[in-house]
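# Observations on the model geometry
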Amino acid sequence: MEKMMIGASGVTTSRVGLGTWAIGGWMWGGADEAQSIATIRAAIERGVTLIDTAPVYGFGVAEEVVGKALAEGGLRDKVQIATKVGLSWQDGKPFRDSSPARIRQEIEASLRRLRTEVIDLYQVHWPDAGTAMSATADAMEELRHEGKIRAIGVSNFSPAQIAAFSAVADLDAVQPPYNLFEREIEADVLPRAETAGVTVLAYGALCRGLLAGRITARTVFTGDDLRNQDPKFQGERFRQYLSAAEALKGLARERFGKSLPALAVRWILDQGPTIALWGARRPAQIDAVGEVAGWRIDDAGKAEIDAILKRFIEAPVSPEFMAPPVRRAASR
Ligand code: NAP
């Protein structure tokens, strides 16, 4: 497993991280706790040491399950925990709140749910226009000074928002969407991060399963599964993404002797100072992580990938549907 330091924080971690959004169940049609715990432990056995979670994933559930999974066998000391701050919720609906008061409240709740005394990487989940950026950044630096967190990150921030935050706090990481089908950060966030020595935690590494190679046009997503609203999973566009995934799967197998998820994750790692967040909720889903290390996709391979994307996907769409609403007037 390749390793990398997160920014200048001194926190070193595996370049593949386990994403636990689906483990929270919410927006993924539910989750099974025993399977979730087995998945976290299987990832650690396969060399993954970074676990990415958030309070909003199942409104506390994912963090609790991570805490429970790490509580035995000295596992907490073998991993780095990344969690987030800055979303609140009411009646099962999240909204943004990165006020210092909310940050103070959330850090204590996260430490308790995760059963730990320190969070290795603490990330502002979404920018909050209702709070001065400097107040949020100051509050994060205070937590680091107090020893409650080791590294600071921001997620879903524009380049201008990253610059405003970095003017006040020492930023170690950014967490944008990034995968073979969602490449918007190549225009700005990725090159700027590289120049600034900031690590990029790429979320949605498998594009919500499209790049895992198992989804077909007949796959049914049940309950509150977000893929029922995801524009990539609808109509003609869904067929195009599935065709592209099928062609990429062939390329992965024939040219590199790898599976599609291994190709998708390897590609992210070969794009810059990146860590790929691989979402999984069953142990077998993380099996292919062993295929990721020890090889690279050369320029010719990258060009073949780009040609496939161009051939099949007529109107690429970004994952903007995920953005939570701004703060409610009543809660300001
Ligand atoms: P992802 O990694 O793109 O896809 C994960 C899903 O793909 C799994 O839940 C599973 O879905 C399917 N899958 C994974 N491996 C598979 C395999 N080997 N075979 C078949 N199916 C497989 O999605 P993600 O969870 O959205 O993103 C990864 C992580 O990034 C999240 O968990 C979270 O930690 C982070 N994230 C952060 C933000 C943010 O705003 N900061 C937003 C999104 C995600 P099924 O179980 O349904 O088959």
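Residues numbered from 1 in each chain as written. Predicted model: local features only at pLDDT ≥ 70, side-chain atom pairs only at ≥ 80, totals over all residues. Heavy atoms only, no water.

Moving on to the sheet that holds strand β8 (residues 119-124). As summarised here, the arrangement of the 8 strands in space is β3-β4-β5-β8-β9-β10-β11-β12, forming a closed barrel in which the pairing is parallel. In this sheet, adjacent strand axes meet at a mean angle of 30° when their direction is disregarded. For β8 and strand β9 (residues 149-155), the ladder comprises 5 bridges, and the chain directions are parallel. Pairing of Leu 121 across the sheet is with Ala 151, part of β9. Where helix α3 (residues 100-114) meets the sheet, it contacts β5 (80-85), β8 and β9, and its direction lies at approximately 140° from that of β8. (Pairing = 2+ DSSP bridges. Helix = DSSP H or I, 4+ residues; strand = E, 2+ residues; numbered from the N terminus. Axes fitted to C-alpha atoms, helices over the stretch in contact; angles between N-to-C directions. Contact = heavy atoms within 4.5 Å.)

Following the criterion strictly, the structure yields 10 aromatic pairs and no others. Ring geometry for Trp 21 and Trp 28: centres 5.6 Å apart, planes at 80°, overall edge-to-face. Relative accessible area serves as the criterion here: at 17%, Trp 21 is assigned to the buried category. Exposure remark for Trp 28: the relative accessible area of 12% places this residue in the buried category. Centre to centre, the rings of Phe 157 and Phe 165 are 6.1 Å apart; their planes meet at 85°, and the pair counts as edge-to-face. Since its relative accessible area comes to 0%, Phe 165 is described here as buried. One aromatic cluster is present, built from ring pairs that chain together Trp 21, Trp 28 and Tyr 57. (Phe/Tyr/Trp six-rings, centres within 6.5 Å; stacked < 30°, edge-to-face > 60°. Buried < 20%, exposed > 50% of the residue type's maximum accessible area, 1.4 Å probe, protein only.)

The end-to-end C-alpha separation of helix α1 (residues 33-45) is 18 Å, in line with the 18 Å expected for 13 residues at 1.5 Å each. If you check which residues of α1 are buried, you get Ser 36, Ile 37, Thr 39, Ile 40, Ala 42, Ala 43 and Ile 44. Check the buried side of α1 and you find it contacts β3 (16-19), β4 (50-52) and α2 (61-70). Sitting at the head of α1, Asp 32 places a side-chain oxygen 3.1 Å from the backbone nitrogen of Ala 34. (Expected span 1.5 Å × (residues − 1). Polar contact = N/O pair within 3.5 Å; in protein donor to acceptor, adjacent residues only side chain to side chain.)

So, about the environment of Arg 214. Relative to the assigned elements, Arg 214 resides in the loop between β11 (199-202) and α7 (235-256). Judged by its relative accessible area of 74%, Arg 214 is exposed. Here the alpha-carbon distance between Arg 214 and Leu 242, two residues 28 residues apart in the chain, equals 9.8 Å.

Now for helix α5 (residues 159-166). All buried positions along α5 are accounted for by Pro 159, Ile 162 and Phe 165. Mapping the buried residues of α5 onto a view down its axis gives an arc of 125°, with all of them on the same face. In this structure, the buried side of α5 is in contact with β8, α4 (133-145), β9, β10 (173-175) and α6 (189-196). (Arc of directions from axis to C-beta.)

Attention now goes to the side chain of Ser 99. Relative to the assigned elements, Ser 99 resides in the loop between β7 (93-96) and α3. A polar contact of 2.8 Å, which involves the side chain of Ser 99, links it to the side chain of Asp 97. Each residue touching Ser 99, except ones within four places of it in the same chain, is listed here: Asp 128, Thr 131 and Arg 327.

Turning our eyes to something else, we now look at the layout of surface pockets. Taken as a whole, the second largest pocket encloses approximately 370 Å³ of empty space. As for the second largest pocket, its lining consists of 21 residues, of which Asn 156, Pro 176, Pro 177, Glu 184 and Ile 185 are closest to the centre. Within the residue set of the lining of the second largest pocket, elements represented by two or more residues are β9, α5 and β10. (1 Å grid on protein atoms, 1.4 Å probe; cavity = no way out; pocket = protein on both sides within 12 Å on 5 of 7 lines; lining within 4 Å. Points joined across faces, edges and corners; volume = space filled by probe spheres on them.)

With that settled, the discussion passes to the environment of Val 11. Take Val 11: it is sitting in the loop between β1 (3-5) and β2 (12-14). Owing to a relative accessible area of 6%, Val 11 belongs among the buried residues under this scheme. Between the C-alpha atom of Val 11 and that of Asp 120, which follows or precedes it by 109 residues, the distance is 7.0 Å. Excluding anything up to four places from it in sequence, Val 11 contacts Met 4, Met 5, Ile 6, Gln 80, Asp 120 and Arg 150.

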